[in-house]
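Structural overview
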Amino acid sequence: MNILKLPERKRKQDKIVMITCYDYTSARIVEQSDVDMILVGDSAAMVMHGHNTTLPISVEMMAWHVASVRNGAPTKFIVGDLPFLSYRKSLSETMNAVGQLMQAGAESVKLEGINGNEETIRHIVDSGVPVMGHIGLTPQSVNQLGGFHVQGGNAADRDRLKTEALTCQAAGCFALVLECVPETLAAEISAALTIPTIGIGAGAQTDGQVLVMHDLLGLNQDFRPKFVRRYLDGNRQWLDAFNQYASDVRDGSFPASEERYAG
Ligand code: KIV
C-alpha cells in the first residue's frame, strides 16, 4: 500500500481496510493480516492509557506508539495521528511533531478538522509528508462539540461538512476519515471527492472503513456504539484465561511436569 494506489482502489470500489494499532505485539498480528493500513490513533489515550478523551496524549507518546507498531508491522502503511493542539501552535512546532511521527516510522500523518488547518496541511504535504484529513466527529474537539455524538444532523451542518471535505481535498489530503455522520451524507461526500473516504460510524458507502482495534476485539466492555461490530468476545476470553491461570496455580496443576526445568 502507498498513497498512489488509493485513488485506483476508490475507482475500482475496492474497499480500503484500516485498523488502529498501538503496540508491537498487536502490530505483529496485523502485519500477517489482510488489513491495508494501520492508524496509530490518538485513541491510544483512551484504550491504552485509560483516559476519558484523546486530549492527554503527547507527541512523544504517539511517537513511541508509532515506533512500536512499525517494529511489529514492517510492511504495512502507517498513519500517525497528530495529537491535540500539536498542529495548532506554530508551524515550527507542527513540523517538529510531524518529524517525530515520521522518524518513528509513520508514512503519513492525520489531523482533525480543516478550519485554520488548510495552510498547515499544504505545508506538510509540500514537505513530502502525506496528510489524511478527519472531519465529522473530531474527538479532539469533544469539548466544543459537547460530547461524542453524530454530526451532520441538520442541513446547515451537512453543507458545512461537504465544504470541509472538499477543502481537505483541495489542501492536499490523500484520504479523509469521516467519523459519525449519517450514511447519506457520507455517500454524497464520497461521490464528490476523488480522494478516498474512510468511514467510522459513517455507513457502508465510504471507500473504506476503520475501527478501533480494542472495539472490534471486544476488549472494551463499556463502549459499544451501534457502528462497532465485535469480531471477538475478547473481554470474556481474556478474563476466562486469567481466571483459569489463577485456578491452575491455586490447585497446583500449573506448572505441570513438562513446564518445569529438571535437575
Ligand atoms: O484515534 C483514532 O482512533 C481515530 C479513529 C477513530 C479514526 O482517529
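Please refer to the structure placed before this passage.
Residues numbered from 1 in each chain as written. Predicted model: local features only at pLDDT ≥ 70, side-chain atom pairs only at ≥ 80, totals over all residues. Heavy atoms only, no water.

**Some details on the packing of aromatic side chains**
- Applying the stated criterion across every chain yields a total of three aromatic pairs.
- Look at W238 and F242: their rings are 6.3 Å apart centre to centre, the planes differ by 75 degrees, and that puts the pair in the edge-to-face class. On the criterion of helical spacing, the pair formed by W238 and F242 is a turn pair, its members being four residues apart in helix 11 (residues 234-251).
- Between the aromatic rings of Y245 and F254, the centroid separation amounts to 5.9 Å while the plane-to-plane angle is 70 degrees, which identifies the pairing as edge-to-face.
- By relative accessible area, F254 is classed as partly exposed at 37%. (Phe/Tyr/Trp six-rings, centres within 6.5 Å; stacked < 30°, edge-to-face > 60°. Helix = DSSP H or I, 4+ residues; strand = E, 2+ residues; numbered from the N terminus. Buried < 20%, exposed > 50% of the residue type's maximum accessible area, 1.4 Å probe, protein only.)

**Description of the side chain of Q140**
- Turning to its location among the elements, Q140 is positioned in the loop between strand 5 (131-136) and helix 7 (142-145).
- Of the residues examined, Q140 reaches a relative accessible area of 7% and is grouped as buried.
- Among the polar contacts listed, one links the side chain of Q140 to the side chain of Y87, at a separation of 2.7 Å.
- If we ignore the near neighbours within four places in the chain, the residues touching Q140 are D42, T54, L55, L82, P83, F84, L85, Y87 and E112. (Polar contact = N/O pair within 3.5 Å; in protein donor to acceptor, adjacent residues only side chain to side chain. Contact = heavy atoms within 4.5 Å.)

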